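# Descriptive structure summary
Each chain is listed here by its residues.
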Amino acid sequence: TTPFACTPVSNLHVNSLSHTSVSLGWEALESNCVCRLEWKKSSDSEWIVLDQIGCGAGFGPGLDSNTSYTVRVSQYCNNGHQSDWEQISFTTLPNPMTVPFLEEFSNSTIPADWTRYTGILYDVMNGAALQTSSYGWDFGTKNGAFNNSPHAYLNIYGTGRKHWLVTPLVNLVEDCLL
């Protein structure tokens, strides 16, 4: 006789992500199921095993910032078999910046952890989402500002400019003066 199939978990996804942790979620068809979770830095070859964990449970802290990881989940089924793997990859966020900070734009490009958006502030304050953008901010030594060192600048002409250059998360410590 052929053994009963063991259905893999489904909908493996990231619930939340920070610079040192991730919370994962998934769905399992087995009742009272137990899962095996394996994870590694995407560049590594060896998996780290978390065995006999509850199905649908998350994952935890202790990850390196700005690092790509791969996680796979399998469930142990009531018939004694183990399902195939469901896999996901993600990259933790960069470390938050602290004040004071200075971004020198040394490569005349937008830093990887900064984001460009377009949108009108009035609309955003009324619930509209900013849209990611690949234009609107320029980088260079134009206008001789900052001792001719590279800097970000926005050419302002007309009234159609609605571009945002957003820093990564900035941690403000107690008694921080801005």
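Residues numbered from 1 in each chain as written. Predicted model: local features only at pLDDT ≥ 70, side-chain atom pairs only at ≥ 80, totals over all residues. Heavy atoms only, no water.

Looking only at helices and strands, the chain features one helix and 13 strands. For the chain, the N- to C-terminal ordering of α and β elements is β-β-β-β-β-β-β-β-α-β-β-β-β-β. Within the chain, buried positions represent 28% of all 178 residues. Within the chain, contacts between residues at least 6 apart in sequence are counted, and of these 57% link residues at least 24 apart. For the chain, the accessible surface area stands at approximately 11,400 Å², while carbon and sulfur atoms represent 51% of it. (Helix = DSSP H or I, 4+ residues; strand = E, 2+ residues; numbered from the N terminus. Buried < 20%, exposed > 50% of the residue type's maximum accessible area, 1.4 Å probe, protein only. Contact = heavy atoms within 4.5 Å. Areas by Shrake-Rupley, 256 points an atom, 1.4 Å probe, with all protein chains shown as cover.)

Turning our eyes to something else, we now look at the pattern of salt bridges. Throughout the structure, instances matching the rule amount to four salt bridges. Across the pair E38 and R36 runs a salt bridge, and its minimum N-O distance is 2.7 Å. Salt-bridge contacts for E38 lead to R72; the nearest nitrogen and oxygen are separated by 2.5 Å. On the criterion of sequence distance, the pair formed by E38 in strand 3 (residues 34-41) and R72 in strand 5 (residues 68-76) is long-range, its members being 34 residues apart. Overall, E38 belongs to the buried group, its relative accessible area being 5%. (Salt bridge = Lys/Arg side-chain N within 4 Å of Asp/Glu carboxyl O.)

If you trace the three strands from one edge of the open sheet to the other, you get 9-8-12, paired in antiparallel fashion. Because the sheet does not close on itself, it has two edges, and the strands there are strand 9 (131-132) and strand 12 (163-166). By the bridge criterion, four bridges tie strand 8 (residues 115-118) to strand 12 in an arrangement that is antiparallel. Bridged to T118 within strand 12 is H163. (Pairing = 2+ DSSP bridges.)

Another point: the sheet that holds strand 6 (residues 86-91). In space, the four strands of this open sheet follow the order 4-3-5-6, with antiparallel pairing throughout. Whereas interior strands pair on both sides, the edge strands pair on one side only; in this sheet they are strand 4 (48-54) and strand 6. The sheet shows a mean angle of 20 degrees between the axes of neighbouring strands, direction not considered. For strand 3 and strand 4, the ladder comprises five bridges, and the chain directions are antiparallel. Paired with C35 across the strands is I53, a residue of strand 4. (Axes fitted to C-alpha atoms, helices over the stretch in contact; angles between N-to-C directions.)

Taken as a whole and assessed by the stated rule, the structure comprises two aromatic pairs. Summarising the aromatic geometry, the rings of W39 and Y69 are spaced 5.9 Å apart at their centres and angled 50 degrees between planes, so their arrangement reads as tilted. Highlighted residues: W39 in strand 3 and Y69 in strand 5, separated in sequence by 30 residues. Judged by relative accessible area, which is 16%, W39 ranks as buried. Arranged with centres 5.9 Å apart and planes meeting at 25 degrees, the rings of Y69 and F90 form a pair that is stacked. Highlighted residues: Y69 in strand 5 and F90 in strand 6, separated in sequence by 21 residues. Each member of the pair Y69 and F90 is classed as buried. Among the aromatic residues, those joined into a cluster by ring pairs are W39, Y69 and F90. The ring of W47 has R72 sitting right over it, with the charged end atom 3.9 Å from the ring centre. For the cation-ring pair, R72 lies above W85, with the distance from its terminal atom to the ring centre recorded as 4.6 Å. (Phe/Tyr/Trp six-rings, centres within 6.5 Å; stacked < 30°, edge-to-face > 60°. Lys NZ or Arg CZ within 6 Å of the ring centre and 35° of its normal.)

So, on to a nonpolar patch on the surface. Side chains of V14, L17 and L93 sit close together on the surface and give an oily, nonpolar patch of about 200 Å² of accessible area. When you line up the elements, L93 lands in the loop between strand 6 and strand 7 (97-98). (Patch = residues over 30% accessible without salt bridge, like charges linked within 9 Å, V, L, I, M, F, W, Y side chains within 5 Å.)

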